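What follows is each chain in one-letter form.
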Amino acid sequence: MGTFTVNMRIIGTNGVTEDIDALVDTGATYASLPASLLQRLGIAPIETGRFRTATGEVVEMHLGQVEVELDGRRRVVLTVFGPDGAGALLGATVLELFSLAVDPIEQRLTPVPGLLM
């Protein structure tokens, strides 16, 4: 599957917002944003989690709750405080929270019904 980005708005606890382009990464569990961006928006870590990187290394990183607006809808998502040099990632839990699926042909996100099974 090819990669693509989507635009999303990050809403800070201090009232500041920032629009960013995030790489859609269905192999990532959470969203990940540069730590300096999250700090600038007044978002504080709430816990530390363990993560396996693309190279197989296991690292500990901070997590915080971030309000995200995507396609006009807002949700609070658990987000990794990523390295400052890395780009923004939109992972699988964000897709689930927004009831979105990846359309790899059109390189876009499409709404899907939630599951109640």
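Calculation notes
- Each residue is numbered by its place in its chain's sequence as written, counting from 1.
- This being a predicted model, a pLDDT of at least 70 is required before a residue's local features are given, and a value of 80 or more before pairs of side-chain atoms are given or counted; all residues contribute to the totals for chains, interfaces and linings.
- Think of the side-chain values as coming from all heavy atoms in the structure, minus any hydrogens and water.
- Counting from the N terminus, the helices are DSSP H or I runs at least four residues long and the strands are E runs at least two residues long.
- Think of it in three bands: residues with accessible area under 20% of the maximum for their type are buried, residues over 50% are exposed, and the middle band is partly exposed, with areas taken using a 1.4 Å probe on protein chains only.
- We call two residues contacting when some pair of their heavy atoms lies within 4.5 Å.
- Each nonpolar core is a collection of buried residues, namely Ala, Val, Leu, Ile, Met, Phe, Trp, Tyr and Cys, held together in the definition by side-chain atoms within 4.5 Å.
- Definitions used throughout: a 1 Å grid over protein atoms alone; a cavity as a set of points that fits a 1.4 Å probe which cannot get out; a pocket as an open set with protein on both sides within 12 Å along at least five of seven lines; a lining residue as one with an atom within 4 Å of a point.
- Grid points are joined across faces, edges and corners, and a volume is the space filled by probe spheres set on the points.
- Each residue is assigned to one class: nonpolar for Ala, Val, Leu, Ile, Met, Phe, Trp, Tyr, Cys and Pro, charged for Asp, Glu, Lys and Arg, and polar for all the others, Gly among them.
- Counted as salt bridges are all cases of a side-chain nitrogen of Lys or Arg within 4 Å of a carboxyl oxygen of Asp or Glu.

Some remarks on the overall build of the protein chain
Here is step 1: Of the regular secondary structure elements, the protein chain holds two helices and nine strands.
Here is step 2: Going from the N terminus to the C terminus, the protein chain shows its helices and strands as β-β-β-α-β-β-β-β-α-β-β.
Here is step 3: For the protein chain, the spread of C-alpha atoms along the three principal axes comes to 35 × 35 × 30 Å.
Here is step 4: Counting the 117 residues in the protein chain, one finds 37% classified as buried.
Here is step 5: Of the contacts formed within the protein chain by residues at least 6 apart in sequence, a portion of 50% connects residues at least 24 apart.

Considering the side chain of Ser32
Here is step 1: Mapped onto the fold, Ser32 is located in strand 3 (residues 31–34).
Here is step 2: When near neighbours in sequence (up to four residues on either side) are disregarded, Ser32 contacts Thr79, Val80, Gly82, Gly87, Ala88 and Leu89.

Regarding the nonpolar core
Here is step 1: If you look at the biggest cluster of nonpolar residues, it comprises 27 residues, and the most contacted ones within it are Met8, Ile10, Leu33, Leu70, Leu90 and Leu109.
Here is step 2: Among residues more than four places away in sequence, those in contact with Met8 are Glu18, Asp19, Ile20, Ala22, Leu33, Val68, Glu69, Leu70 and Leu90.

Focus on the layout of surface pockets
Here is step 1: Counted as a void, the largest pocket has a volume near 430 Å³.
Here is step 2: For the largest pocket, the lining is made up of 18 residues, of which Ala28, Ser32, Phe51, Arg52 and Leu89 are closest to its centre.
Here is step 3: Those elements that provide at least two residues to the lining of the largest pocket are strand 3, strand 4 (47–52) and strand 5 (58–70).
Here is step 4: Considering only residue class, the lining of the largest pocket consists of eleven nonpolar, five polar and two charged.

A look at unusual backbone geometry
Here is step 1: Backbone geometry places Asp71, a non-glycine residue, at a positive phi of 55°.
Here is step 2: With respect to the helices and strands, Asp71 occurs in the loop between strand 5 and strand 6 (73–82).
Here is step 3: A positive phi is found at Ser99, a non-glycine position, where the angle reads about 50°.
Here is step 4: Residue classification places Ser99 among the partly exposed positions, given a relative accessible area of 26%.

Focus: the pattern of salt bridges
Here the idea is simple: oppositely charged side chains can pair when their charged atoms come close.
Here is step 1: As enumerated under the stated definition, the model contains five salt bridges in all.
Here is step 2: Of the charged contacts, one joins Asp19 and Arg9 as a salt bridge, the two residues approaching to 2.7 Å between their closest N and O atoms. Highlighted residues: Asp19 in strand 2 (residues 17–24) and Arg9 in strand 1 (residues 5–11), separated in sequence by ten residues.
Here is step 3: According to the relative accessible area criterion, Asp19 is partly exposed, its value standing at 40%.
Here is step 4: Across the pair Arg74 and Glu69 runs a salt bridge whose closest N-O atoms are separated by 3.0 Å.
Here is step 5: What you see here is one network of salt bridges that share partners, running through Glu67, Glu69 and Arg74.

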